Amino acid sequence: MAPAPSSPHSRRMIHVSAASSSAVHSSTRLFLDSACRDAIRAYLPAGTFYGVTTNPLILERDQGKCTLEYVSNLRDELALMPCEELQVQAWGETAKDMHDCGLRLADLATDGIRIVVKVPATRQGFEACRLLIHDGVPVTVTAVYNPQQVLAALAVGAEYAAPYLGRMNDAGRDGFGNIVDMQSIVESSDGDTRILVASLRSARELASLAAEGCDTFTFSPAVAEELFTDPLTMTAAADFEAAAKRIGG
């Protein structure tokens, strides 16, 4: 394979430390899949989220923009919360376009917020991934739909490979089984790629995949709400508070 072309950004370090916030995390990484400021303000203070993931569709849905200014403002807001990482998808139709965009996005990283650049699991996306990794940029290969694509992500050295559980199921594929196979491939390799499960429709799906060894997930605010809201827990919390008021001074 021919070496990647040199650039002014070549081999730079893009704030790769993941210990910059005050939050303490296990090996499990949970991400909020949203650019909605209200959702971010509601859920990130709990301290359960490693970071935030976005893509152009999410930005469009949440009235965001595919601009460096918008991403910079989002980063600044996340810096005020327990957040390690912001994942943003590079835009552009060619490998060069995605590479150039990815470098500009990576330059938005700070000591407090690490930027991971996302690219799709296409030939052009993998080429952009190789170039970005050569330049020291952490990359997520996204829109992964089969275990073979995870092999490619491992081979190129991507930090994450993001399969879409719900969309696989919608297409008539065995999303759960495919993701379990992807996790097995990663665990049997000597690479550091994480399977970042996306397109989750319920917290129960998250728990079921966690029982199979998956430990990295991104999901919507609706699924996040399920993590914190169980009728029995809510009743118990109300009972505790009522008792505290009855016996308070």
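The following paragraphs examine the structure supplied in this document.

Reading the values: the criteria
Residues numbered from 1 in each chain as written. Predicted model: local features only at pLDDT ≥ 70, side-chain atom pairs only at ≥ 80, totals over all residues. Heavy atoms only, no water. Helix = DSSP H or I, 4+ residues; strand = E, 2+ residues; numbered from the N terminus. Buried < 20%, exposed > 50% of the residue type's maximum accessible area, 1.4 Å probe, protein only. Contact = heavy atoms within 4.5 Å. Areas by Shrake-Rupley, 256 points an atom, 1.4 Å probe, with all protein chains shown as cover. Salt bridge = Lys/Arg side-chain N within 4 Å of Asp/Glu carboxyl O. Pairing = 2+ DSSP bridges. Right-handed = clockwise from strand over helix to strand, strands pointing away. Axes fitted to C-alpha atoms, helices over the stretch in contact; angles between N-to-C directions. Parallel < 35°, antiparallel > 145°, perpendicular 65-115°, else oblique. Left-handed = near helix turned anticlockwise from the far one by under 90°. Nonpolar A, V, L, I, M, F, W, Y, C, P; charged D, E, K, R; others polar. Phe/Tyr/Trp six-rings, centres within 6.5 Å; stacked < 30°, edge-to-face > 60°.

Take the overall build of the protein chain next. A tally of helices and strands in the protein chain yields 11 helices and eight strands. The burial tally for the protein chain puts 48% of its 249 residues in the buried class. In the protein chain, the share of contacts with a sequence separation of at least 24, taken over all contacts with a separation of at least 6, comes to 62%. Summed over its atoms, the accessible surface of the protein chain is roughly 12,000 Å², and 54% of this surface lies on carbon and sulfur atoms.

What follows is about the pattern of salt bridges. As enumerated under the stated definition, the model contains 10 salt bridges in all. In this structure, Lys-96 engages Asp-100 in a salt bridge whose closest nitrogen and oxygen atoms are separated by 2.8 Å. Note that Lys-96 and Asp-100 are positioned in helix α4 (residues 95-106) at a spacing of four residues, about one turn of the helix. On the basis of relative accessibility, which here comes to 56%, the residue Lys-96 falls in the exposed class.

So, about the pairing of strand β5 (residues 139-144). Of all the six residues making up β5, five are buried; the element is thus mostly covered by neighbouring parts of the structure. In the sheet, strand β4 (residues 114-120) pairs with β5 via four bridges, with the strands oriented parallel. Pairing of Val-117 across the sheet is with Val-139, part of β5. The β-α-β motif built from β4, the intervening helix α5 (residues 123-134) and the parallel element β5 has right-handed crossover chirality. Pairing geometry for β5 and strand β6 (residues 160-163), over four bridges, is parallel. Bridge pairing in β6 links Val-141 to Ala-161. Once you follow β5 into helix α6 (residues 147-156) and on to β6, the crossover reads as right-handed.

Next up on the list: the packing of α6 against helix α8 (residues 175-188). It is at 9 Å that the axes of α6 and α8 come closest, and there the two elements cross at 30°. By the angle between their directions, the pair α6 and α8 is classed as roughly parallel. As α6 packs across α8, the resulting crossing turns out to be right-handed. Taking contact as the criterion, the partners of Pro-147, Val-150, Leu-151 and Leu-154 in α6 are, on α8, Asn-178, Asp-181, Met-182, Ile-185 and Val-186. Per-class residue counts for the contact of α6 with α8 are seven nonpolar, one polar and one charged.

Now for the packing of aromatic side chains. Describing an aromatic ring pair means giving the distance of the ring centres and the angle of the ring planes. Enumeration over the complete set of coordinates arrives at five aromatic pairs. Taking the centre distance of 5.7 Å and the plane angle of 70° together, the rings of Phe-31 and Tyr-50 count as edge-to-face. A residue pair is termed long-range when its members are at least 10 positions apart, and Phe-31 in strand β1 (residues 29-33) and Tyr-50 in the loop between α1 (37-43) and β2 (51-53) qualify at 19 residues. Both residues of the pair, Phe-31 and Tyr-50, belong to the buried class. Members of the aromatic cluster, joined through ring pairs, are Phe-31, Tyr-50 and Tyr-160.

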